[in-house]
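Secondary and tertiary structure notes
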Amino acid sequence: GINARVHGSLTSRSTLVMAAGAAVSQLPLDQIASVTVSMVTPLAEQVKAVLGRSGAEAHPHTKLFCVALQSFRPTTPVAPDAQHPLVSMLGNFWPVVEQMFQKFATHDQIMQEVCHCLAAIVGLARTHAGPVVMPLLKLLVEGFRAAPTIFHLG
């Protein structure tokens, strides 16, 4: 997987993660879910490792995690009755997303990125996003209640 410890600027590392996501997006749908888990898991582990730190210290890790989650844009249409690989992937990492909301609710930059990431996934999955919409809305409302920012409103 792509490790957040790779040397270089955050912008360079984000670009590499986005490029890897674009490459994975070309795979057949049945392969995307397992490859995304392999790619995102090390980044999720980095986020978990910094949950006790300040938002400023955690930001590089949370940014790469969010970039990875939203970098997958499958090119093959998903059948109406099939689970979208992005919804499946988000389900795998939902506990990390919830922890980010809890730990960094007052850090505007992290909240902006994670909310944008979630909106991008729902936008890409569209009609397939049903399973994540209610948990997402609940998370946004709870986040807004804890630290009202415009990012929680989309």
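Residues numbered from 1 in each chain as written. Predicted model: local features only at pLDDT ≥ 70, side-chain atom pairs only at ≥ 80, totals over all residues. Heavy atoms only, no water.

Okay, the side chain of T36 next. By the secondary structure assignment, T36 is in helix α2 (residues 29-49). Setting aside anything within four residues of it in sequence, one finds T36 in contact with V24, F72 and M89. (Helix = DSSP H or I, 4+ residues; strand = E, 2+ residues; numbered from the N terminus. Contact = heavy atoms within 4.5 Å.)

Before going further, it helps to spend a moment on the packing of helix α3 (residues 55-71) against helix α5 (residues 108-125). Remark: α3 packs on α5, axes separated minimally by 9 Å, with the N-to-C direction vectors making an angle of 10°. As summarised for this structure, α3 and α5 are arranged roughly parallel, according to the angle between their axes. Residue-level contacts link G55, H59, T62, K63, C66, L69 and Q70 of α3 to Q109, I110, E113, V114, H116, C117, A120, I121 and L124 of α5. Residues belonging to the contact of α3 with α5 are distributed by class as follows: eight nonpolar, six polar and two charged. (Axes fitted to C-alpha atoms, helices over the stretch in contact; angles between N-to-C directions. Parallel < 35°, antiparallel > 145°, perpendicular 65-115°, else oblique. Nonpolar A, V, L, I, M, F, W, Y, C, P; charged D, E, K, R; others polar.)

Take the pattern of salt bridges next. The final tally for this structure, using the stated rule, is three salt bridges. A salt bridge links K63 to E113, with the shortest nitrogen-to-oxygen separation between them at 3.6 Å. Here E113 lies in helix α5 and K63 lies in helix α3, a separation of 50 residues in the sequence. The partly exposed category is assigned to K63, whose relative accessible area is 23%. E113 gets classed as buried once you look at its relative accessible area, which sits at 15%. Measuring nitrogen to oxygen at the nearest pair gives 3.6 Å for the salt bridge that ties K138 to E142. With K138 and E142 both in helix α6 (residues 130-146) and four residues apart, this pair spans about one turn of that helix. Residue classification places E142 among the partly exposed positions, given a relative accessible area of 38%. (Salt bridge = Lys/Arg side-chain N within 4 Å of Asp/Glu carboxyl O. Buried < 20%, exposed > 50% of the residue type's maximum accessible area, 1.4 Å probe, protein only.)

This part takes up the state of the cysteines. Counted under the stated rule, the structure contains zero disulfides. C115 takes part in no disulfide bond, and the closest cysteine sulfur, belonging to C66, lies 9.0 Å away. (Disulfide = S-S within 2.5 Å.)

On to α3. For α3, with 17 residues, the first-to-last C-alpha span of 23 Å sits near the 24 Å given by 1.5 Å per residue. Of all the bends in α3, the largest measures some 30° and sits at H61. With 13 of 17 residues buried, α3 lies mostly within the body of the structure. (Expected span 1.5 Å × (residues − 1). Bend = angle between axes of the 7 residues up to and from the residue.)

Bringing the packing of aromatic side chains into the picture now. One pass over the full model with this rule turns up one aromatic pair. A ring pair is formed by F65 and F93, whose centres lie 6.1 Å apart and whose planes are at 80°; its orientation type is edge-to-face. With F65 in helix α3 and F93 in helix α4 (residues 85-103), this residue pair connects regions lying 28 residues apart in the sequence. One exposure class covers both F65 and F93, and it is buried. (Phe/Tyr/Trp six-rings, centres within 6.5 Å; stacked < 30°, edge-to-face > 60°.)

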